[in-house]
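Residue-level structure breakdown
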Amino acid sequence: MAARVPRLVVVPCLRDNYAYLTGRGDAREVAIVDPSEPDPVVRALDEHGLRPVAILCTHHHYDHVGGVEPLVERYGPLPVYGHRSDAGRVPRLDHPLDHGDELEAAGLRWRALHVPGHTLGALAYVGEGLVFTGDTLFGAGCGRLFEGTAELLYASLAERLGRLPGATLVYPGHEYTESNLRFASAVEADNAALAARTRAVAALRSAGAPSVPSTIADELATNPFLRVTEPAVRAFVEPRLGATRGPAAVFAALRAAKDEYRG
Ligand code: ZN
Ligand code: FE
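These numbers were taken from a predicted model, which means no experiment stands behind them. (Residues numbered from 1 in each chain as written. Chains lettered and ligands numbered in written order. Predicted model: local features only at pLDDT ≥ 70, side-chain atom pairs only at ≥ 80, totals over all residues. Heavy atoms only, no water.)

1. Points about empty space enclosed by the protein
This model, assessed by the stated rule, comprises one cavity of 30 Å³ or more. In this structure, the largest cavity encloses a volume near 30 Å³. Together, Gly139, Val170, Pro172, Thr177, Arg197, Ser211, Val212 and Ser214 line the largest cavity. (1 Å grid on protein atoms, 1.4 Å probe; cavity = no way out; pocket = protein on both sides within 12 Å on 5 of 7 lines; lining within 4 Å. Points joined across faces, edges and corners; volume = space filled by probe spheres on them.)

2. A short note on the nonpolar core
Judged by nonpolar contacts, the single largest core of 30 residues is most densely connected at Leu157, Leu161, Phe251 and Leu254. Elements that contribute at least two residues to this core include exactly strand S9 (123-127), helix H4 (150-160), helix H5 (177-187), helix H8 (231-237) and helix H9 (247-260). Look past the residues within four positions of phenylalanine 251 in its chain and what remains in contact with it is Cys142, Ala150, Leu153, Tyr154, Leu157, Phe225 and Val228. (Core = buried A, V, L, I, M, F, W, Y, C linked by side-chain atoms within 4.5 Å. Buried < 20%, exposed > 50% of the residue type's maximum accessible area, 1.4 Å probe, protein only. Helix = DSSP H or I, 4+ residues; strand = E, 2+ residues; numbered from the N terminus. Contact = heavy atoms within 4.5 Å.)

3. Some words on the pattern of salt bridges
Enumeration over the complete set of coordinates arrives at 17 salt bridges. Linking arginine 24 and aspartate 26 is a salt bridge whose minimum nitrogen-to-oxygen distance equals 3.0 Å. Residue arginine 24 is classed as partly exposed on the basis of its relative accessible area, which comes to 28%. Each of Glu69, Glu73 and Arg92 takes part in salt bridges that share partners, so that together they form one network. (Salt bridge = Lys/Arg side-chain N within 4 Å of Asp/Glu carboxyl O.)

4. Topic: the coordination of the iron ion (ligand 2)
The coordination sphere of the iron ion (ligand 2) contains the protein donors Asp63 (OD), His64 (NE2), Asp135 (OD) and His174 (NE2), at a distance range of 2.1 to 2.2 Å. Geometry at the iron ion (ligand 2) is irregular, judged from the four donor atoms that bind it and their angles of 81 to 168° at the metal. Within one chain, the residues serving as donors to the iron ion (ligand 2) are arranged as D-H-x70-D-x38-H. Metal-to-metal, the separation of the iron ion (ligand 2) and the zinc ion (ligand 1) is 3.3 Å; aspartate 135 coordinates the two. (Donors = N, O, S within 2.8 Å, 3.2 Å for Na, K, Ca; no water. Tetrahedral: all angles 85-135°; square planar, octahedral: opposite > 155°, others 65-115°.)

Below is the structure:
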């Protein structure tokens, strides 16, 4: 079967959010992923001559769903997808998903991965060689713990997102890569892949381009939150480790260190 390249339009929203439009490359229909606000999404649809047929939400935070109501009003009815537990928190959610559920939107097939930690109902959408990770996995970083525990977020990253094929393209919910790379470099000063990525991202950002997508392989090589079994990462948080010393404990200490980091 010939590889189909999906259409992927990055839509900058708010201050540093990304919404995405995705559908078959040979069609005008798209799904909207995480519409933070309506206006930039409407402009991108118009500019590319695209028609929305579904909305995929990674989690209930306003900077990911603020555009759902107005976009459904304008283009609807549109099916709105999100995790079952976010019914009542994701506006207009009428297609509740559980871990492993599959859906088709704009001619592309997606599988929902439940990735709790940032929020309890966090989902990633994987398919077509790419993954939308919301606020769970960022370029060189991960989301804060708002509702879940460090153990939950660690499992979501290590056992679900981190095990996707290395070539999978990663599209996160925010442009946080540069600041995440500063923290990552403080953690692992001697990581050559991290130094190379820092240079590449600086070049993209200074040209006004998004740093996304990365790949799962890039993240495994440079994202400290996916590298908690590395001696250098463990050493960085050693002073914070108590009696519990497994990978999840290293992850918890690393997340706490990032929360306090001012780099
Ligand atoms: Zn969020
Ligand atoms: Fe967010």
